[in-house]
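# Chain and residue survey
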Amino acid sequence: MALRFFNTYSRKIEEFEPRDPAARAISIYTCGPTVYSRAHIGNFRAYIFEDLLQRHLELRGYKVHRVMNITDVDDKTIRGAREAKVPLTKFTEQFKKAFFQDAETLRIKRADEFPAATDQRYVDRMIAMIAELIARGLAYQADDKSVYFRINKFPNYGKLAHFDLTQLQSTGRVKHDEYDKEHIGDFALWKAWDEEDADVKWDSPWGPGRPGWHIECSAMAMTLLGDQIDIHCGGVDNIFPHHEAEIAQSEGVTGKKFVRYWLHCAHLLVDSQKMAKSLGNFFTVPDVLAKGYTGRELRYALLRVHYRVPLNFTWEGMKEARESLARIDEWLTRLKQKSQEANVERPASNVQRPTQKFEEALDDDLNISAALGVLFESIRETNRAMDENKLDAASANVWLDWWKRINTVLDLEPETKIAVPEEVVQLGEQRENARREKNWKRSDELRDRISALGWDVRDTKDGQKLARRIAE
Ligand code: AMP
Ligand code: ZN
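Residues numbered from 1 in each chain as written. Chains lettered and ligands numbered in written order. Predicted model: local features only at pLDDT ≥ 70, side-chain atom pairs only at ≥ 80, totals over all residues. Heavy atoms only, no water.

What follows is about the environment of Gly42. As for its position among the elements, Gly42 is in helix α1 (residues 41-59). Gly42 sits in the buried class, given a relative accessible area of 14%. With 13 residues separating them in the primary sequence, Gly42 and Tyr29 have C-alpha atoms 19 Å apart. (Helix = DSSP H or I, 4+ residues; strand = E, 2+ residues; numbered from the N terminus. Buried < 20%, exposed > 50% of the residue type's maximum accessible area, 1.4 Å probe, protein only.)

Looking at chain direction, strand β14 (residues 455-460) and strand β15 (residues 463-468) are connected through 6 bridges and run antiparallel. If you follow Thr460 over to β15, its bridge partner there is Gly463. If you look at the hairpin formed by β14 and β15, you'll find 2 residues sitting between the two strands. (Pairing = 2+ DSSP bridges.)

All buried positions along helix α2 (residues 75-84) are accounted for by Thr77, Ile78, Gly80 and Ala81. All buried residues of α2 fall inside an arc of 160 degrees around its axis, so they share one side. Where α2 is buried, its residues meet α3 (88-105) and β8 (209-211). Of the residues that open α2, the one with a side-chain oxygen 3.2 Å from the backbone nitrogen of Lys76 is Asp74. (Arc of directions from axis to C-beta. Contact = heavy atoms within 4.5 Å. Polar contact = N/O pair within 3.5 Å; in protein donor to acceptor, adjacent residues only side chain to side chain.)

Below, the discussion takes up the coordination of the zinc ion (ligand 2). At the metal site, the zinc ion (ligand 2) is ligated by Cys31 (SG), Cys217 (SG) and His242 (NE2), and these contacts range over 2.1 to 2.2 Å. Sequence positions of the residues that donate to the zinc ion (ligand 2) give the spacing C-x185-C-x24-H. Of this pair, Cys217 sits in helix α6 (residues 213-225) while His242 sits in helix α7 (residues 239-254); the two residues are 25 residues apart in sequence, bridging distant segments of the chain. A residue is classified by how much of its surface remains accessible, and Cys217, at 0% relative accessible area, is buried. You can call His242 buried: its relative accessible area is 1%. (Donors = N, O, S within 2.8 Å, 3.2 Å for Na, K, Ca; no water.)

Segmenting the chain into domains produces domain 1 (4-265), domain 2 (313-410) and domain 3 (422-468). Distance from the C-alpha centre of domain 1 to the C-alpha centre of domain 2: 40 Å. Each partner contributes to the interface: domain 1 provides 12 residues, whereas domain 2 provides 13 residues. Looking at the side of domain 1 facing domain 2, the largest losses of area belong to Arg4, Leu52 and Leu59, adding up to 43% of the total buried there. For the pair domain 1 and domain 2, the interface holds 3 salt bridges. With a shortest N-O distance of 3.9 Å, Glu359 and Arg60 are connected by a salt bridge. One can count 6 residue pairs in polar contact (both at pLDDT 80 or more) joining domain 1 with domain 2. (Domains from an automatic or database assignment. Buried area = accessible area lost by both parts, 1.4 Å probe. Salt bridge = Lys/Arg side-chain N within 4 Å of Asp/Glu carboxyl O.)

Scanning all chains against the criterion turns up 34 salt bridges. With a closest N to O distance of 2.9 Å, Arg55 and Asp411 form a salt bridge. Here Arg55, found in helix α1, pairs with Asp411, found in the loop between α13 (393-410) and α14 (422-436); they are 356 residues apart in sequence, far enough to count as distant. Among the ionic contacts, a cluster of salt bridges with common partners joins Asp51, Arg55, Arg107, Arg299 and Asp411.

The subject of this paragraph is the sheet that holds strand β10 (residues 259-265). A sheet is described by the order of its strands in space; here 4 strands give the open sequence β4-β3-β9-β10, paired in parallel fashion. Only two strands of the sheet have a single neighbouring strand rather than two, namely β4 (63-68) and β10. Adjacent strand axes in the sheet meet at a mean angle of 20 degrees, parallel and antiparallel pairs treated alike. Here strand β3 (residues 25-30) pairs with strand β9 (residues 229-235) via 3 bridges, running parallel. By the bridge assignment, Ile28 is partnered in β9 with Ile231. Across the sheet, α7 is in contact with β9 and β10; its angle to β9 comes to roughly 160 degrees. (Axes fitted to C-alpha atoms, helices over the stretch in contact; angles between N-to-C directions.)

What follows covers unusual backbone geometry. The amide bond that connects Phe240 to the next residue, Pro241, takes the cis arrangement and shows omega of 0 degrees. Along the chain, the position of Pro241 falls in helix α7.

Let us now look at the packing of helix α12 (residues 368-387) against α13. Two quantities define a packed helix pair, namely the angle between the axes and the distance from one axis to the other. Two elements in contact, α12 and α13, have axes whose closest approach is 13 Å; the angle formed by their N-to-C orientations is 160 degrees. When the axes of α12 and α13 are compared, the pair comes out roughly antiparallel. Of the two possible hands of crossing, α12 and α13 adopt the one that is left-handed. Together, Ile368, Leu372, Val374, Leu375, Ser378 and Thr382 of α12 and Trp399, Trp402, Trp403, Ile406 and Leu410 of α13 make up the contact between the two elements. (Parallel < 35°, antiparallel > 145°, perpendicular 65-115°, else oblique. Left-handed = near helix turned anticlockwise from the far one by under 90°.)

Our next topic: the packing of aromatic side chains. Under the definition given, this model contains 26 aromatic pairs. Ring geometry for Phe283 and Trp315: centres 5.2 Å apart, planes at 70 degrees, overall edge-to-face. Residue Phe283 is located in the loop between β12 (273-274) and α8 (285-290), and its partner Trp315 is located in helix α10 (residues 315-340); the two are separated by 32 residues in the primary sequence. Taking the relative accessible area as the measure of exposure, Trp315 reaches 25% and is therefore partly exposed. A centroid spacing of 6.1 Å and a plane angle of 15 degrees characterise the contact between Tyr293 and Trp315, whose relative ring orientation is stacked. With Tyr293 in the loop between α8 and α9 (295-303) and Trp315 in helix α10, the pair connects residues that are 22 residues apart, well separated along the chain. (Phe/Tyr/Trp six-rings, centres within 6.5 Å; stacked < 30°, edge-to-face > 60°.)

Structural data, given as structure tokens:
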């Protein structure tokens, strides 16, 4: 069955047909972070969905060229630098670094390119595009010296968001005196310099100023991926006006369809509200690590729900993520042991073999919850077979190979790097001895001592496992 995605543009599930099916090469543009503070885990839900998309396409044999931009100049970054009394580049640098660090913690595959909006190469392209839009009558310079896109001249404006422009006019909620625009929906392509911008400015045919956020993405996408791209992603809050504006600008210049498939992920919520910096209800990756969770556990928690379903972030959900991963780990340990046993030709006739169902679930608009359902069902079945001594070494290896394949998408290999402090290791060994001697009292005492050092002990079929304790 072919790959299918829900295209925001048509509001329909569509069969995926890339621009160049024979080459099996796909271009993807993903809106990246605005580096005015550390990204929160809501932002990372979007990046993890994009990671899943890329990895699944690769599993299906496509070669993906992905670009993720870094928005390092806009109102928020300029305000932040002004308040911190440091140059813009110095201000944004720390958050860029933090972004890459957090993305690595969450095992997010790096994009092929991370263009920054302030790079002169892209600013030049933005200026060239704005000049072309003016030449085509699609943009104008207003009395405030800024340049705006003339949405009335672009008949498709509103098609992505399914937005009725007449309603925009009639609400009267947008201040008319805000700018000297022809239409309240016209958006800025070039913002004329004012003193609040301090030394953040570029020369242009319209005077000193800086680009609007929307034109940054159009210019970077087209410079690196060409006039037409296969897939463009972001969170649902990007649909309007950001992505709507990107279409207007790009197609306004080229006259060609800019994007074939628009994919947007639903928000990460906290108490049913969008997790957002402005609402102050957010957690960062370090906040979650400080509670005793690992990047792998957070990756799982953000990954496990279908990308178009809003996901409520809770600490209970983090605990469930830990439990689910523990099941995977125990299963892998058992399979590995089994695979190393001498092959004694156990009757394996009624043992299920891996199917294509995991991948097929992902073909269906990246249905990760169904795919994980297949994984846990397989774990149940194979564990039962191992309990009944019905899984031989060869079958165990087949399952391990299957895991290796699906794990190229999941990237949930157990952590190897967590260093357990020597003292905890020693107490753990003593506890194992105590349990072997059935000295339960001493075993419990040792558990308490381990716990006092911030570690949890779990007894499994394969012996005890240590994990950093979760802070309540
Ligand atoms: P920003 O840094 O605000 O430009 O956002 C970067 C990306 O994160 C965009 O694709 C947003 O749509 C996405 N995003 C922001 N908040 C959330 C959230 N609570 N849940 C999911 N995605 C989000
Ligand atoms: Zn963007």
